[in-house]
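# An overview of the molecular structure
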Amino acid sequence: MNDHSNVRSDAGHAFLDLGERLRLRGQLDAALSVAQAGAGRYPALPGAHDLIGRIRADQGDDDGARSAWIAALECDRRALGALKGLAFLAFRRQDYAEAERRLEAAALEAPHDVTILAALDRVRLSRPAFTEDVVTFEDPAAALLLFDAQGLHLAGSTGDTDRPAESDIASAAAIGVIREAERAARMLNLGSVRHILIEGRTHRVVVAPVAAAGGVMLRRPNTAPAGRVIALAERAVETARTWIEAG
């Protein structure tokens with residue numbers, strides 16, 4: 001689980017290789033000086049922040065490692081080393097829900113990496129049978145969206161932090177999906193619609209109505225079990241009701 005030492009080799013940045021060699025030799029202070037100097041010169045280089053994260057983790061500074069890996073994801077939300085590193089930290093503090101979510105994102109970027117798939121299996125086996133994931137509209141990375149009956153975005157996001165307008169577009173589309181599903185259910189005498197599962201090439205999306213107040217949309221990589229995504233969406237409906245009443 002804690003083998004996240006593979007540096008993405010950014011051509012032309014020799015300090016990454018030097019810092020990694022120093023780290024592997026246990027010269028952590030020297031490695032950190034090299035990595036921080038490199039990050040200062042190239043602040044948009046995810047590999048520099050990833051290297052700092054691995055050094056900080058080796059030093060036992062989990063907060064520093066997490067900050068560095070978050071910085072790497074701000075440079076590139078697909079930064080594989082950062083996703084694996086954050087999963088390692090989450091696993092170490094027994095936050096299996098975050099560890100699984102980070103590894104699912106990593107598996108989406110490297111679907112044939114057996115080490116990631118093995119780590120994902122280990123995390124899922126380690127989770128208590130009835131552990132509940134936190135369902136919140138405040139975390140942009142949660143890929144959870146709330147919209148009203150007119151399809152206007154109220155809270156949360158699709159998880160596409162580099163495309164904020166995507167939440168407005170998704171809200172309008174999602175209310176249309178709910179209305180069509182409800183119309184089909186009435187025509188076929190199927191009763192009320194609880195949720196709609198959409199299977200995509202890379203993601204699973206669940207759209208669910210929230211009484212007459214609109215609905216929620218939850219997106220997860222398709223490495224996440226469909227049953228868990230549906231269960232999370234149904235819990236998100238309860239969270240949405242509480243959120244609307246409080247608002």
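Each remark here, short or long, concerns the structure printed above.
Keep in mind the model is a prediction, meaning the values are calculated, not measured. (Residues numbered from 1 in each chain as written. Predicted model: local features only at pLDDT ≥ 70, side-chain atom pairs only at ≥ 80, totals over all residues. Heavy atoms only, no water.)

### A few points about the overall build of the protein chain
Selection criterion: The helix count covers DSSP runs of H or I at least four residues long, the strand count covers runs of E at least two residues long, and both are numbered beginning at the N terminus. Any residue under 20% of the maximum accessible area for its type is buried, any over 50% is exposed, and the rest in between are partly exposed; the area is computed with a 1.4 Å probe on protein chains only. Should any heavy atoms of two residues lie within 4.5 Å, those residues are considered in contact. The Shrake-Rupley method, run with a 1.4 Å probe sphere, supplies the accessible areas, and residue values consider only the shown protein chains as cover.
The number of helices and strands found in the protein chain is nine helices and five strands. Tracing the protein chain from N to C terminus, the helices and strands come up as α-α-α-α-α-α-α-β-β-α-β-β-β-α. When each of the 247 residues of the protein chain is scored for burial, the buried share is 47%. Sequence-distant contacts, at least 24 apart, represent 52% of the contacts inside the protein chain between residues at least 6 apart. With the model as given, the accessible surface of the protein chain reaches about 12,600 Å², and the carbon-plus-sulfur share is 54%.

### Quick notes on the pattern of salt bridges
What counts here: We count a salt bridge whenever a side-chain nitrogen from Lys or Arg sits within 4 Å of a carboxyl oxygen from Asp or Glu.
Counting across every chain of the model gives 19 salt bridges. When the shortest N-O distance is used, the salt bridge between Arg-78 and Asp-76 registers 3.8 Å. Across the salt bridge formed by Glu-98 and Arg-102, the nearest N and O atoms sit 3.2 Å from each other. Taken together, the positions of Glu-98 and Arg-102, both in helix H6 (residues 96-109) and four residues apart, correspond to about one turn of that helix.

### Considerations on the packing of helix H1 (residues 14-24) against helix H3 (residues 46-58)
Where we set the bar: The axes are straight lines fitted to the C-alpha atoms, using for helices just the contacting stretch, and the angles between their N-to-C directions are given from 0 to 180°. Each angle gets one of four labels, with under 35 degrees taken as roughly parallel, over 145 as roughly antiparallel, 65 to 115 as roughly perpendicular, and the rest as oblique. Any residue that is not Ala, Val, Leu, Ile, Met, Phe, Trp, Tyr, Cys, Pro, Asp, Glu, Lys or Arg is counted as polar, Gly included; the first ten are nonpolar and the last four charged.
Between H1 and H3, whose axes approach to 10 Å, the crossing angle comes to 10°. On the basis of their axis angle, the class for H1 and H3 is roughly parallel. Of the residues in H3, those touching H1 at Phe-15, Leu-16, Gly-19, Glu-20 and Arg-23 are Gly-47, Ala-48, Leu-51, Arg-54, Ile-55 and Asp-58. Of the residues that constitute the contact of H1 with H3, the class distribution is five nonpolar, two polar and four charged.

### Some thoughts on the sheet that holds strand E4 (residues 203-209)
Put simply, the rule reads: Pairing between strands is defined by DSSP: at least two bridges between them are needed.
Sheet architecture is open: five strands sit in the order E2-E1-E5-E4-E3, paired in antiparallel fashion. If you trace the sheet from one side to the other, it starts and ends with strand E2 (153-156) and strand E3 (196-199), each paired once. Strand-to-strand twist across the sheet, computed as the mean angle between neighbouring axes with direction ignored, equals 20°. Examined bridge by bridge, strand E1 (residues 144-147) and E2 share three bridges and lie antiparallel to one another. By the bridge assignment, Leu-146 is partnered in E2 with Ala-155. Contacts from helix H9 (residues 226-246) reach E1, E2, E3, E4 and strand E5 (215-221) within the one sheet, and its direction differs from that of E5 by about 145°.

### Overview of the pairing of E5
Counting buried positions along E5 yields six of seven residues, so the element is predominantly enclosed. Here E1 pairs with E5 via four bridges, running antiparallel. The partner of Leu-144 across the bridge, within E5, is Leu-218. As paired elements, E4 and E5 share seven bridges and run antiparallel to each other. Across the sheet, residue His-203 finds its bridge partner in E5, namely Pro-221.

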